[in-house]
Protein chains: 2
Amino acid sequence: MTPEEFRLAGHELIDWIADHRASAADRPVRARTGPGEVAAALPDRPPTQVESFDAVMADLDSVVVPGMFEMQHPMHFGWFPANAELSSILGDLASAGLSSVGISWESAPALTEVEEVVCDWMRQLVGLSDNWFGSITDTASTGCLTAMLAARERASSLSQNHGGLQAVESPLVVYSTKQAHSSVVKAALLAGFGWDNIVMVDTDPVTFAMDPESLASCVAADVAAGKTPAVVVAAVGTTGTTAMDPVAAIVEVASTVGAWVHVDAAMAGTAMLLPECRHLWDGVEGADSISWNPHKWMGTILDCSLFYVRDTDQLQSVMSTNPSYLQSSADGEVTQYRDWGIPLGRRFRALKIWFQLRLDGVEAIKDRIRRDLDNAQWLAEQVVAAPGWQVLAPVDLQTVCVLHTPVLRGESVDGESGASEPMTGQALDDHTLSWVRAINESGEAFLSPSQLNGRWMARVSIGVLSTEHQHVAELWKCLQDAVEVNNLQR
Amino acid sequence: MTPEEFRLAGHELIDWIADHRASAADRPVRARTGPGEVAAALPDRPPTQVESFDAVMADLDSVVVPGMFEMQHPMHFGWFPANAELSSILGDLASAGLSSVGISWESAPALTEVEEVVCDWMRQLVGLSDNWFGSITDTASTGCLTAMLAARERASSLSQNHGGLQAVESPLVVYSTKQAHSSVVKAALLAGFGWDNIVMVDTDPVTFAMDPESLASCVAADVAAGKTPAVVVAAVGTTGTTAMDPVAAIVEVASTVGAWVHVDAAMAGTAMLLPECRHLWDGVEGADSISWNPHKWMGTILDCSLFYVRDTDQLQSVMSTNPSYLQSSADGEVTQYRDWGIPLGRRFRALKIWFQLRLDGVEAIKDRIRRDLDNAQWLAEQVVAAPGWQVLAPVDLQTVCVLHTPVLRGESVDGESGASEPMTGQALDDHTLSWVRAINESGEAFLSPSQLNGRWMARVSIGVLSTEHQHVAELWKCLQDAVEVNNLQR
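A short tour of the structure in this document, coming up.

### Description of the interface of chain A and chain B
Counting residues at the interface gives 157 residues for chain A, matched by 157 residues for chain B. Buried surface at the junction of chain A and chain B, both sides included, amounts to about 13100 Å², of which 65% is carbon and sulfur. The interface formed by chain A and chain B contains 12 salt bridges. Between Asp92 of chain A and Arg347 of chain B there is a salt bridge whose closest N-O contact spans 3.0 Å. Linking chain A with chain B are 71 residue pairs in polar contact (both at pLDDT 80 or more).

### What about the side chain of Arg346 of chain B?
Examined against the element boundaries, Arg346 of chain B turns out to sit in the loop between α10 (312-319) and α11 (350-360). Since its relative accessible area comes to 10%, Arg346 of chain B is described here as buried. Within the structure, Arg346 of chain B has its side chain in polar contact with the backbone oxygen of Ile136 of chain B (distance 2.9 Å). Once you skip the residues sitting within four places of it in the chain, Arg346 of chain B turns out to touch Leu302 of chain A together with Val101, Gly102, Leu111, Glu115, Ser135, Ile136 and Tyr337 of chain B.

### Let's talk about the packing of helix α1 (residues 3-22) of chain B against helix α3 (residues 53-64) of chain B
Residues and elements named next belong to chain B. Running from amino to carboxyl end, α1 crosses α3 at an angle of 15 degrees, the nearest separation of the two axes being 11 Å. By the angle class used here, α1 and α3 are roughly parallel. Considering only the axes of α1 and α3, their crossing is right-handed. Together, Ala9, Glu12, Leu13 and Trp16 of α1 and Phe53, Asp54, Met57, Leu60 and Asp61 of α3 make up the contact between the two elements.

### Describing the sheet that holds strand β14 (residues 455-461) of chain A
All names here are of chain A. Pairing is mixed across the open sheet formed by five strands, whose spatial order is β1-β13-β14-β10-β9. If you trace the sheet from one side to the other, it starts and ends with β1 (76-77) and β9 (389-391), each paired once. As judged from the four bridges shared by strand β10 (residues 399-404) and β14, these two strands associate in the antiparallel manner. In the sheet register, Val400 faces β14, and the bridge partner there is Val460. Seen against the sheet, helix α13 (residues 362-385) touches β9, β10 and β14 and runs at an angle of roughly 140 degrees to β9. Along the sheet, helix α14 (residues 425-442) makes contact with β9, β10, β13 (446-452) and β14, crossing β14 at roughly 30 degrees.

### Section: the pairing of strand β8 (residues 305-309) of chain B
All names here are of chain B. With five of five residues buried, β8 lies mostly within the body of the structure. Of the two faces of β8, the one carrying Ser305, Phe307 and Val309 and the one carrying Leu306 and Tyr308 are both buried. Direction of pairing for strand β2 (residues 133-137) relative to β8: antiparallel, over a ladder of five bridges. By the bridge assignment for β8, Ile136 is matched with Leu306. One ladder, built from four bridges, connects strand β7 (residues 289-292) with β8; its direction is antiparallel.

Rules and cut-offs
- Residues numbered from 1 in each chain as written.
- Chains lettered and ligands numbered in written order.
- Predicted model: local features only at pLDDT ≥ 70, side-chain atom pairs only at ≥ 80, totals over all residues.
- Heavy atoms only, no water.
- Contact = heavy atoms within 4.5 Å.
- Buried area = accessible area lost by both parts, 1.4 Å probe.
- Salt bridge = Lys/Arg side-chain N within 4 Å of Asp/Glu carboxyl O.
- Polar contact = N/O pair within 3.5 Å; in protein donor to acceptor, adjacent residues only side chain to side chain.
- Helix = DSSP H or I, 4+ residues; strand = E, 2+ residues; numbered from the N terminus.
- Buried < 20%, exposed > 50% of the residue type's maximum accessible area, 1.4 Å probe, protein only.
- Axes fitted to C-alpha atoms, helices over the stretch in contact; angles between N-to-C directions.
- Parallel < 35°, antiparallel > 145°, perpendicular 65-115°, else oblique.
- Left-handed = near helix turned anticlockwise from the far one by under 90°.
- Pairing = 2+ DSSP bridges.

Treat this as a map of the structure, not an account of what it does.
Following this line, the structure appears as C-alpha cells:
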C-alpha cells in the first residue's frame with residue numbers, strides 16, 4: 001500500500017472510528033453473535049485476490065462489529081472499565097506510524113527514553129518515591145509472572161544460572177488469597193513453584209482482605225518445616241470485591257523472612273492518582289514490585305500495564321541477554337528494556353500515555369475517577385436502603401457487590417401464608433444468575449456475576465468513560481425491574 | 001477527547017504518517033540522538049495543563065523522530081526486516097478503534113473468531129497441515145517461553161499441579177545450539193530448567209546448522225545419566241546466519257525419548273509462503289510447536305507473532321484458568337485464548353493480518369519475498385567474486401554474512417615489500433567493526449555486526465519493504481568504499 005492510498009483509507013477509517021465511538025450507546029452492550037457465527041461468515045480459505053478498502057470496511061461493519069462486546073458503552077458494568085480514551089488511540093496510531101521496533105536502545109532511542117520518562121511521570125502521579133523504576137508490559141498477568149520469576153531467583157540465589165529449580169532443596173513457597181486474581185496462581189504455576197507450594201492465606205470475613213496474622217502463621221509454619229517463603233502477592237483491589245490487602249502489615253511479615261512482595265494493583269492503581277485514596281496501599285514503599293494497568297480505569301488503550309521494581313539490578317540479573325548482534329557502543333550508558341522482562345521486541349507504548357496525559361490533562365482524569373467513586377457510593381446507598389438487597393463487601397473504590405435475596409413465604413395447610421424466610425443455597429444462586437442473565441441478554445446493560453464465599457453475586461463495576469450518574473441510576477432501576485420480573489416468573 | 005476532536009486530530013495524524021512514510025529514505029537510517037538526549041528534552045515532571053494537539057505533534061517532530069531508528073529506510077540492512085506495511089497499520093488502527101479487550105470469548109467474540117480464522121489462513125499459506133492450531137502472541141520470545149513451559153509440564157506429568165519443578169527428580173534437559181536466538185536460553189532459564197541443564201549441541205562447521213548426530217549422542221548420554229530430555233529447539237533460520245537446523249532429523253531423535261520439538265522460525269517463517277522454500281523446514285509436521293513472526297519480513301506491524309501447536313489440550317492443561325468472573329454460557333463451545341498463553345487480556349491483533357492480506361494480496365507479498373531472495377543471491381555473488389571478500393555462511397534466505405580480510409604486506413629490512421599474509425585475530429575484528437561502524441555512523445546505511453565462531457562479521461539482512469535491487473547495489477558500493485577508507489586510514 002502506498003502512502004497516498006494509506007492517506008485516503010486512513011481518513012475514512014478515522015471518520016469510521018469517530019462515528020463508531022459517538023454511537024457506542026446506540027448498540028447493544030453485548031455482542032449479538034453466538035458461538036461460531038463470526039467465523040462462519042468468513043471464508044475458510046485465505047484470500048487470493050486483492051480487495052478494496054471498501055470491501056474490508058463493509059465486512060468490518062457487517063461481520064466484526066456485531067461480534068464485538070461494546071466495552072465503551074455507558075451501561076457496561078462488567079469485569080472492569082476497559083476504557084480506551086480517544087487521545088490514547090492517537091498515541092497508539094502515532095506509535096504505529098513511527099513503525100519502529102524496540103529490541104535495544106539503539107534500535108529506537110526515543111522509544112526507550114520516552115518510556116523511561118513516562119513511567120517516571122506515572123510514578124510521581126501515584127505518589128511513589130523515586131526508589132521505583134518502571135517499564136510497560138502488555139498485561140498485569142505478565143507483570144505478575146515477571147515478579148514471580150524475579151522472586152524465585154532471589155530466593156534461590158539465581159538457581160537458573162546453575163542447576164535450575166530442580167536443584168533447589170528447600171521448597172519455595174508463594175502466598176496469596178482466594179480473592180486474588182487468577183493470574184497469581186497461574187504465574188506461580190508457570191514459574192514452576194507447584195500447586196503444593198501455593199498457600200492461600202485466610203481473609204477477613206468482612207473486608208475479604210488478607211489477614212496478616214494468618215500470613216504470619218503460615219510463614220512461621222513453613223519456615224519451621226524447612227521451607228522458604230519466596231513471595232507474597234498483595235492484592236490492592238481484588239478482582240471480586242476490590243478488597244485491599246494490608247500492604248504495610250504484609251511487608252512487615254515478609255521482611256522477617258526476606259520474601260518478595262508483589263503488589264497487584266491492576267485495577268486500583270488508577271485510584272492512586274487521587275491523594276485521598278493512597279492510604280489504601282499504605283506500606284507500598286516496602287514492596288518489591290508493583291503492577292498497575294493504565295489500560296483499565298485510567299483509560300489508556302490496551303495494552304499498557306506498568307511494572308515497577310525497586311531493584312533493577314536484580315531484575316536484570318534474571319532477565320538479561322546480551323547477544324553480539326544486539327550490542328552497541330551505547331551499552332552501559334542506556335536502559336535496555338529487553339533485560340527487564342520476557343519479550344525482546346517492544347512497541348512504542350509510552351506514546352499512548354504521553355498523548356493521553358498531555359491532551360486530556362491529568363486533572364480531568366482525576367475528576368472522572370472521583371465521579372466514579374461517588375457513583376459507586378451512591379449506588380451502594382440505594383442498595384443498602386432497599387428491602388431484600390445487600391451490599392456484600394466494602395465499597396472502597398468503584399465496584400459494588402450486590403445480592404438480592406427474595407423472601408419465601410411459607411404456606412400453611414389451610415392456604416394462609418405462614419412464616420417467611422429468606423431464600424438460600426442453590427435457589428438463591430439460581431435467582432441471582434437468572435436476573436443477571438436477563439439484564440445481560442437484554443443488551444441494555446451488562447454486569448458480570450461472580451462468586452464470593454462460594455455463592456453467586458451481581459458485581460457492578462462502575463467506571464466506563466461515558467458512564468455518568470444517570471447511567472448508574474438507570475442501572476439501579478434495571479436491577480430492581482429484573483428482580484421483580486424474576487420474582488413474578490418464579 | 002470527544003469524537004469530533006479525535007476526527008480532526010486523527011486526520012492530521014494520518015497525513016503526518018503518510019508523509020513520514022513517504023519521506024523515510026530522506027532521513028538518516030540511524031537515530032541522531034545520543035544516550036539521554038531524548039529524555040533530557042522532555043520535562044521531568046508530568047504535565048499539569050492540557051496541551052494542544054499541535055504542541056504534541058511539534059514534540060513528536062522535534063524530539064521523538066530524531067530519536068528514532070528508521071526501520072522502514074530502504075538502506076536498513078540491520079538485525080532483520082522489521083517491516084510495517086501501511087495496510088497492517090490500518091488493521092491496527094481498526095483494532096484500536098473497536099476498543100475492545102479479549103479476556104474471554106464473551107468479551108469479544110469476533111476478536112477470538114477472526115484470530116482463529118486468520119491463524120488458519122496463515123497455516124494454509126505456509127503449507128502446514130490442519131493438525132496445527134494457531135494463536136497470536138506478542139513476540140517469538142514469548143512463544144518460545146510458552147513452548148518451554150508446555151514441554152516442561154509434558155516431561156514432568158504436569159508437575160505444576162503438584163510439587164512443582166522442585167519435586168521432579170530426574171533433571172529435565174533442553175537442547176539447542178549456540179547459533180539459536182538468545183530468547184531460547186532466556187526462555188529455558190525463565191522456565192526454571194537451569195543453565196546446567198541446557199545442552200549446546202554441535203553445529204555443522206559449514207552450514208552452522210544443528211548436527212543431528214551430535215544431538216543423538218547428547219540425548220543418549222543424558223538418558224544414560226538418568227536425565228530426561230524435555231525439549232529440543234530447532235532454529236529454522238538462526239539469527240546470525242539463517243542456518244537451517246534439520247527438523248526431520250531432529251524430530252526423529254526427539255521422538256525416541258518423547259522430547260518436545262519447538263521450531264523457532266521467527267524470521268524465516270515468512271519464506272514458507274513460497275512453496276520452493278518449504279524444503280527448508282522439511283519434517284516440521286513432526287514438531288510440537290512453531291513460532292513465526294509476520295511482524296518481521298512479511299510486514300505485519302509489530303506485535304504479531306504466530307504460535308502454533310498440535311496438541312491444544314496439552315497447552316490448555318498448562319495455561320488454563322477459569323475464575324468465576326470469566327465464566328459464561330458459551331464455555332465449552334468456544335475457544336478461550338486466555339488458556340493458550342501467558343497474558344489474560346489481548347488486543348484484536350488478527351485485524352492487522354486480515355487487513356494486510358486482503359488489501360495487499362498474498363501474491364504481492366510472495367513477489368516481494370522472491371525479490372529479496374534474488375537480491376541476497378546477487379549480493380552474495382558480488383562478494384564472492386571480489387578479492388579479499390568472503391561470504392561466511394550459506395545464503396538460504398535474505399541474510400548475507402560478509403567478511404573483508406585485508407592483506408598485510410610484510411616489509412623487509414631494505415624497505416621492499418615482503419611476503420603478504422591475510423589479517424587475522426583482534427586486528428581483523430577491529431577492522432570489521434571499524435568499517436561497519438563508519439557506514440552506520442554515516443546514516444546512509446545500517447548493518448548490524450555479529451559474531452560467528454567468536455569473530456566479528458558484517459551481517460547484511462535484506463528485506464525492507466522499500467529495498468529494491470538498486471539499494472542493494474548501492475550497499476555493495478558502500479561496503480567497498482568503507483573498506484577502502486578504512487585501509488587508507490590504517
